[in-house]
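Notes for the structure review
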Amino acid sequence: MQAKMRRPATLCASWQRHLGGEFEQPYMQSLSVFLRERKQAGGVVFPRGRDLFNAFNACPFDDVKVVVLGQDPYHGPNQAHGLSFSVQPGVPVPPSLKNIYAELESDLAIPAANHGHLQAWADQGVCLLNSVLSVEQGQAGAHQGRGWERFTDAAVRALAEQREQLVFMLWGSYAQKKGQFIDRQRHLVIKSPHPSPLSAYRGFFGSKPFSRCNAYREANGLEPVTWALPD
């Protein structure tokens, strides 16, 4: 008999109201078993268990203004901490985030930050979410197809159905699959290639997601996001 994945204490109450039932579903129970078995087999899983749901904990459901959706976490040591594209303080800025900073500077003339920690965006209501919430060291995409996609589908669907005038930035084909849940009459959806070095030149550069986001928010009487990061 499979052990159930218990609701983590770090999943804030506002998200538990919308996603708590997912932890009782067979797919999440199977995912829990898979993660435990990978660790028992010596696999190094990122991020740390306590950070798996950091994207939700850092940005409560009712505070979400923008969703930046990526693919899966960074797979290098000390990088992933549960916020998509973000790295922990003191860790070198990864190539994908360097490209995000380059587009931010081109779009809004905001110089690149001297770090890669995006907590200040989350504090403003930018939900930095990956489609898949775990990965193994040195193996990009190692945990795709194990159940995380269904869980993050539920998160995006809840936001799309129960909130109004959100901005969804779907970066890469994997993230764009979630666009089917989003009513374009109620929300702004910005789709572009992933900012990784392999695809940024195929349309991420020049997509102007940051100015488009703020223009939409201001047109609806909402505060723009301050995209400049503190040092």
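Going by the structure above, here's the rest.
Heads up: these notes are all about the structure in this document. Note that the structure is predicted; figures quoted are calculated from it, not measured.

From N to C terminus, the protein chain includes eight helices and six strands. Overall, the protein chain shows an N-to-C arrangement of helices and strands of α-α-β-α-β-α-α-β-β-α-β-α-β-α. Taken over the C-alpha trace, the protein chain has a radius of gyration of 17 Å; the compact-globule value for 231 residues is 17 Å, and the two agree within 12%. Taken over the C-alpha atoms alone, the protein chain extends approximately 55 × 35 × 30 Å along its principal axes. Across the 231 residues in the protein chain, those meeting the buried criterion constitute 56%. Relative to all contacts within the protein chain whose residues are 6 or more apart in sequence, the contacts with residues 24 or more apart total 68%. Split by element, the accessible area of the protein chain, about 10,500 Å² in all, is 47% carbon and sulfur. Here the protein chain contributes 24 positive and 20 negative side-chain charges, whose respective centroids are spaced 6 Å apart.

By size, the foremost hydrophobic cluster in this structure holds 72 residues, and its most contacted members are Trp15, Phe56, Trp121, Trp148, Phe151, Phe168 and Trp227. In terms of residues, this core owes the most to one element, helix H6 (residues 148–162), which gives eight residues. Filtering out sequence-adjacent residues up to four positions away, Trp15 remains in contact with Gly20, Phe56, Cys59, Pro60, Phe61, Val64, Ala155 and Leu159.

Given a rise of 1.5 Å per residue, 15 residues ought to cover 21 Å, and the 21 Å separating the end C-alpha atoms of helix H2 (residues 26–40) matches this to within 8%. Within H2 the residues assigned to the buried category are Tyr27, Met28, Gln29, Leu31, Ser32, Val33, Phe34 and Leu35. Trailing H2 by a residue or two, Gly42 shows a phi angle of about 95 degrees, which is positive.

It is worth spelling out the packing of helix H4 (residues 95–108) against helix H8 (residues 209–219) at this point. Orientation of H4 relative to H8, taken along the N-to-C sense of each, is 55 degrees, at an axis distance of 7 Å. If you check the angle between H4 and H8, you find them oblique. Contact with H4, carried on its side by Ile100, Glu103, Leu104, Asp107 and Leu108, involves Pro209, Phe210 and Ser211 of H8 and no other residues of that element. Partitioning the contact of H4 with H8 into residue classes produces five nonpolar, one polar and two charged.

This next bit is on the pairing of strand S6 (residues 188–192). In terms of residue burial, S6 counts as a mostly covered element, since four of its five residues are buried. Where strand S5 (residues 167–171) meets S6, five bridges bridge the pair, whose relative direction is parallel. When the sheet's bridge partners are listed, Phe168 is paired in S6 with Val189.

With that out of the way, let us pick up the environment of Leu108. You can see Leu108 is positioned in helix H4. Overall, Leu108 belongs to the partly exposed group, its relative accessible area being 31%. Counting along the chain gives 44 residues from Leu108 to Thr152, while the straight-line C-alpha distance between them is 30 Å. Residue contacts for Leu108: discarding those within four places in its chain leaves Phe210, Ser211 and Trp227.

What follows covers unusual backbone geometry. A cis amide bond, omega -10 degrees, links Phe46 with the succeeding residue Pro47. Counting through the fold element by element, Pro47 comes out in the loop between strand S1 (45–46) and helix H3 (54–57). Here Asn78, not a glycine, exhibits a phi torsion of approximately 65 degrees, which is positive. As for its position among the elements, Asn78 is in the loop between strand S2 (66–70) and H4. Phi at Ala109 is positive, roughly 60 degrees, even though this residue is not glycine. The residue Ala109 is located in the loop between H4 and helix H5 (119–123) in this model.

Rules behind the numbers
Residues numbered from 1 in each chain as written. Predicted model: local features only at pLDDT ≥ 70, side-chain atom pairs only at ≥ 80, totals over all residues. Heavy atoms only, no water. Helix = DSSP H or I, 4+ residues; strand = E, 2+ residues; numbered from the N terminus. Rg over C-alpha atoms; globule rule 2.2 N^0.38 Å. Buried < 20%, exposed > 50% of the residue type's maximum accessible area, 1.4 Å probe, protein only. Contact = heavy atoms within 4.5 Å. Areas by Shrake-Rupley, 256 points an atom, 1.4 Å probe, with all protein chains shown as cover. Lys, Arg positive; Asp, Glu negative; His and termini not counted. Charge placed at Lys NZ, Arg CZ, Asp CG, Glu CD. Core = buried A, V, L, I, M, F, W, Y, C linked by side-chain atoms within 4.5 Å. Expected span 1.5 Å × (residues − 1). Axes fitted to C-alpha atoms, helices over the stretch in contact; angles between N-to-C directions. Parallel < 35°, antiparallel > 145°, perpendicular 65-115°, else oblique. Nonpolar A, V, L, I, M, F, W, Y, C, P; charged D, E, K, R; others polar. Pairing = 2+ DSSP bridges.

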